[in-house]
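# Examination of the molecular architecture
These are the residues of each chain, in order.
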Amino acid sequence: MKRATESKLFLEKSVKYMSALISPLADGEVNLPPDQQRQPRPFRPSSSRMDQLLSGIGFNVHVQSFSVTNVSVTEPAGQVSSIPTSLFQNVTCGAPADHFRGFHQKGIEGEKPISGGLRRLEARRTAAAEKVRSLQNQLIDAVGNFYTMHTQSMKQFPGRSVRHIPPGNHHIDSLRSACISATQTLHSLTWDIAVRRANVFSQALGIALSLYLAHVSDFAKLQKAAWADVWTKHGFLITFEGLLSAAGKELGMIEDASVGISMLRMVSVVFVTTDSQTNTEGGTDRCLPIVDSPYMKWLRITPSGYGKDTTYLVEICVDVNYYAQRIPPALKNSTPVKFYPILYQMGVDIRQWGVNAGANLGKKNEPTTSDEMDEDEIGIPDNDVLIALNYEAFRKMNAYAHKVYPCQDPQNTIPCISWEQAHTSSQIEQTIHPMLTVLYDYIRSSAGKMEHGILDEAGFASNRLGGGSAIFCKSGKDRTAMQVTFKQAQYIYRFIHGQGNGFSEYSSSSSLDAKKIFDDATIMRVHGTRLPVCDKNVGQPLYAFNSLQAKFMPEPLKPPPRALAGFLKGGRVFSGGGIES
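## Here we look at the overall build of the protein
Within the protein, the secondary structure is distributed over 17 helices and 11 strands. Across the 581 residues that make up the protein, the buried fraction comes to 50%.

So this is what it looks like as structure tokens:
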């Protein structure tokens, strides 16, 4: 019944999504502010996290662009001219996770509750499958022993035949019941994982495509270096910078996001025009129209393969003139670019501080069913997952760096490691690339610490390797705002002091002028785009922190006091409407 209901919901979502793509806003939607929109539209507010209809759409997704313009004055006329010289882009978003399904569900009767996100659930499914196999083998052995014994007894009584097992055999009955129960648990868990993976992967794919298109459209970046050739050869590096805490509901979000982001490895992207469609077998009926863009016409996603061999080809049809003038030659002629996704994760708030201090912020008792319960408090903290994810991300980035910037290796001692090998390996099999030594030191010393330097160095390395960064927290508007403005302040500092190169190695992160960068970041946090983003999501242009929470954040990410919401536990403000935490 559950599968039939949820399968029907997937079909209904598909119909509604397609309808929304080609229809204007309805009368009831026109007058609604963005934070109250609940229809599948290009922008989904973070306040809609719990909306089942929208669970396949990434929320609060923005391309945060920071443009550096050279302004000059011609004497004596005083004529002012401006020339854009550099562009720094990041995608900011909410955590790609299945918020609607939650991270603490009741299991089948007699079984323990199902807790956590995909990473934990998939480990539990592996254990469940092993349990089923073990019980099946025990049942087979018990049935075999039963017939062996009765075969021997039949020799004493010729003519008797035993073709069934009588109901009085308690040992076989108990094994049969246990086997049925374990199989039901396995099937239920498999279905829940499949639905959750579909929703999370759909969100992650939308975020990744937004980031890739932003970098393809950066004409200056593609002119300065042969990044397009690097992408076609080694893949487009997508570095997700997670700011979630390894406790409670946010731990489940981390576990969801890590799996959904890894699934992006199955994706390749090609550019086509209306005159050169790559996959004619897909048919035009599978093309999703892009009605709001003057440059993109439609998008088509074609799956192939089965199971672990599944791949997705994403075709993006662009305007003929744009294709001729702006798409680099390396990306033309239906040349695919495979995604190379990695996830670095570090909590930066008071909850992560509590985890690091050894405090158990989760509730050890069985959770209640009260609607007033703050689900953020469910579960026991797990700081080890951050260390494991960061080492995994480093192995992948290290392998990518060795491909893009090969080190001198006359004796051929450095092995070539693929993304897949780095994903499954338990140790670093290559020498540490010189570009990543600082990052590696941060990760190595991060146990029990709120080491923001991991995200700082990871984002910096990603840009120097020609990739892009997607920054996320739970809602994508508060902690994310602090991180992206800090990165922009660092970028302009390096640009000014590095002879026009925002990714210059002129100085390491440790020798940058921290006060100047923090002051510039504060200006962006107060007067830039991030407060309007908050307003767009929850109806209030304030950051969802209070002064106590701000004290426990890393110094570079401390929010400006004048822009704090000052909410109570659970995101409730002292008066007026609620603001999301």
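## Remarks on the packing of aromatic side chains
Across all of its chains, the model carries 15 aromatic pairs by this definition. Three or more aromatic residues joined by ring pairs make a cluster, and in this case those are Y212, W231, F236, F271 and F339. Lying over the aromatic face of F460, R494 brings its terminal NZ or CZ to 3.8 Å of the ring centre.

## Looking at the pattern of salt bridges
Any two side chains of opposite charge can pair, so long as their charged atoms come close to each other. Taken as a whole, this structure holds 19 salt bridges when the rule is applied. Its salt-bridge partner being R120, residue E255 comes within 2.9 Å of it at the nearest N-O pair. In this pair, E255 is assigned in helix α7 (residues 248–263) and R120 in helix α3 (residues 118–154), connecting sequence segments 135 residues apart. Given a relative accessible area of 34%, R120 falls into the partly exposed group. Two residues, K396 and E392, come together in a salt bridge whose shortest N-O distance is 3.0 Å. Of this pair, K396 and E392 both sit in helix α10 (residues 384–404), four residues apart, which is roughly one turn of that helix. The exposure class of K396 is buried, given its relative accessible area of 2%. Salt bridges sharing common partners tie together K2, E6, R101 and D192.

## A look at the pairing of strand β2 (residues 79–94)
Alignment of strand β1 (residues 62–74) against β2, held across 13 bridges, turns out to be antiparallel. When the sheet's bridge partners are listed, S72 is paired in β2 with S81. Counted along the chain from β1 to the antiparallel partner β2, the turn is four residues long, and its residue G78 has a positive phi close to 75°. Of the pairings in the sheet, the one linking β2 to strand β11 (residues 468–473) comprises four bridges and is parallel in character. When the bridges of β11 are listed, G94 appears paired with C473.

## Quick look at the sheet that holds strand β6 (residues 267–272)
Read from one edge to the other, the open sheet built from nine strands follows the order β1-β2-β11-β5-β10-β6-β9-β8-β7, with strand pairing classed as mixed. Of all the strands in the sheet, the pair left with one neighbour each is β1 and β7 (288–289). Pairing analysis gives six bridges linking β6 to strand β9 (residues 311–318), with the strands arranged parallel. Bridge pairing in β9 places V272 opposite C317.

## A word on the nonpolar core
Among the nonpolar cores identified, the biggest contains 112 residues, and Y212, W231, F339 and Y344 are the most heavily contacted of them. No other element matches the 12 residues that helix α4 (residues 170–216) contributes to this core. Judged by nonpolar contacts, the second largest core, of 12 residues, contains A129, L139, F146 and A182.

## Remarks on helix α6 (residues 227–234)
Considered for burial, the residues of α6 that qualify are W227, A228, V230, W231 and H234. Viewed end-on, α6 has its buried residues packed into an arc of 160°, placing them on one side of the element. Where α6 is buried, its residues meet α4, α5 (219–224), β5 (236–242), β10 (337–345), α10 and α13 (453–464). One or two residues past the end of α6 sits G235, with phi positive at roughly 100°.

## Focus on the side chain of R530
You can see R530 is positioned in helix α16 (residues 530–538). Buried charge without a partner: R530 forms no salt bridge, and the closest opposite charge is D478, 8.1 Å away. For R530, the side chain forms a polar contact with the side chain of Q64, separated by 2.9 Å. A polar contact is formed between the side chain of R530 and the side chain of T92, at a distance of 3.1 Å.

## A few points about the packing of helix α12 (residues 437–444) against α13
The contact between α12 and α13 brings their axes to 9 Å, and the two run at 155°. In terms of orientation, α12 and α13 fall into the roughly antiparallel class. Relative to α13, α12 is oriented so that their crossing is left-handed. For the pair α12 and α13, contact is made by V438, L439, Y442 and I443 and by G453, I454, E457 and A458, respectively. Residues belonging to the contact of α12 with α13 are distributed by class as follows: six nonpolar, one polar and one charged.

## Remarks on the packing of α13 against helix α14 (residues 479–497)
The contact between α13 and α14 brings their axes to 11 Å, and the two run at 55°. Taken together, the axes of α13 and α14 are oblique relative to one another. For the crossing formed where α13 meets α14, the hand is right-handed. In this structure, α13 uses L455, D456, G459 and F460 to contact α14, whose residues at the interface are Q483, F486, K487, Q490 and R494. The class makeup of the residues in the contact of α13 with α14 is three nonpolar, three polar and three charged.

## A look at the environment of H99
Take H99: it is sitting in the loop between β2 and β3 (104–105). Residues H99 and S55, 44 residues apart in the sequence, show an inter-C-alpha distance of 7.5 Å. When residues no more than four places from it in sequence are discounted, the contact partners of H99 are R49, M50, F59, M253 and K474. At 3.2 Å, the side chain of H99 forms a polar contact with the backbone oxygen of A95.

## Examining a nonpolar patch on the surface
The grouping of M18, L21, I22 and V291 at the surface amounts to a nonpolar patch, some 350 Å² of accessible area in total. Topologically, L21 is positioned in helix α1 (residues 2–22). Owing to a relative accessible area of 33%, L21 belongs among the partly exposed residues under this scheme.

## A few points about the pairing of β11
By the criterion of burial, β11 is predominantly enclosed, with six of the six residues buried. Burial along β11 is two-sided: G468, A470 and F472 facing one way and S469, I471 and C473 facing the other are all buried.

What counts as what
- Residues numbered from 1 in each chain as written.
- Predicted model: local features only at pLDDT ≥ 70, side-chain atom pairs only at ≥ 80, totals over all residues.
- Heavy atoms only, no water.
- Helix = DSSP H or I, 4+ residues; strand = E, 2+ residues; numbered from the N terminus.
- Buried < 20%, exposed > 50% of the residue type's maximum accessible area, 1.4 Å probe, protein only.
- Phe/Tyr/Trp six-rings, centres within 6.5 Å; stacked < 30°, edge-to-face > 60°.
- Lys NZ or Arg CZ within 6 Å of the ring centre and 35° of its normal.
- Salt bridge = Lys/Arg side-chain N within 4 Å of Asp/Glu carboxyl O.
- Pairing = 2+ DSSP bridges.
- Core = buried A, V, L, I, M, F, W, Y, C linked by side-chain atoms within 4.5 Å.
- Arc of directions from axis to C-beta.
- Contact = heavy atoms within 4.5 Å.
- Lys, Arg positive; Asp, Glu negative; His and termini not counted.
- Polar contact = N/O pair within 3.5 Å; in protein donor to acceptor, adjacent residues only side chain to side chain.
- Axes fitted to C-alpha atoms, helices over the stretch in contact; angles between N-to-C directions.
- Parallel < 35°, antiparallel > 145°, perpendicular 65-115°, else oblique.
- Left-handed = near helix turned anticlockwise from the far one by under 90°.
- Nonpolar A, V, L, I, M, F, W, Y, C, P; charged D, E, K, R; others polar.
- Patch = residues over 30% accessible without salt bridge, like charges linked within 9 Å, V, L, I, M, F, W, Y side chains within 5 Å.
- Areas by Shrake-Rupley, 256 points an atom, 1.4 Å probe, with all protein chains shown as cover.

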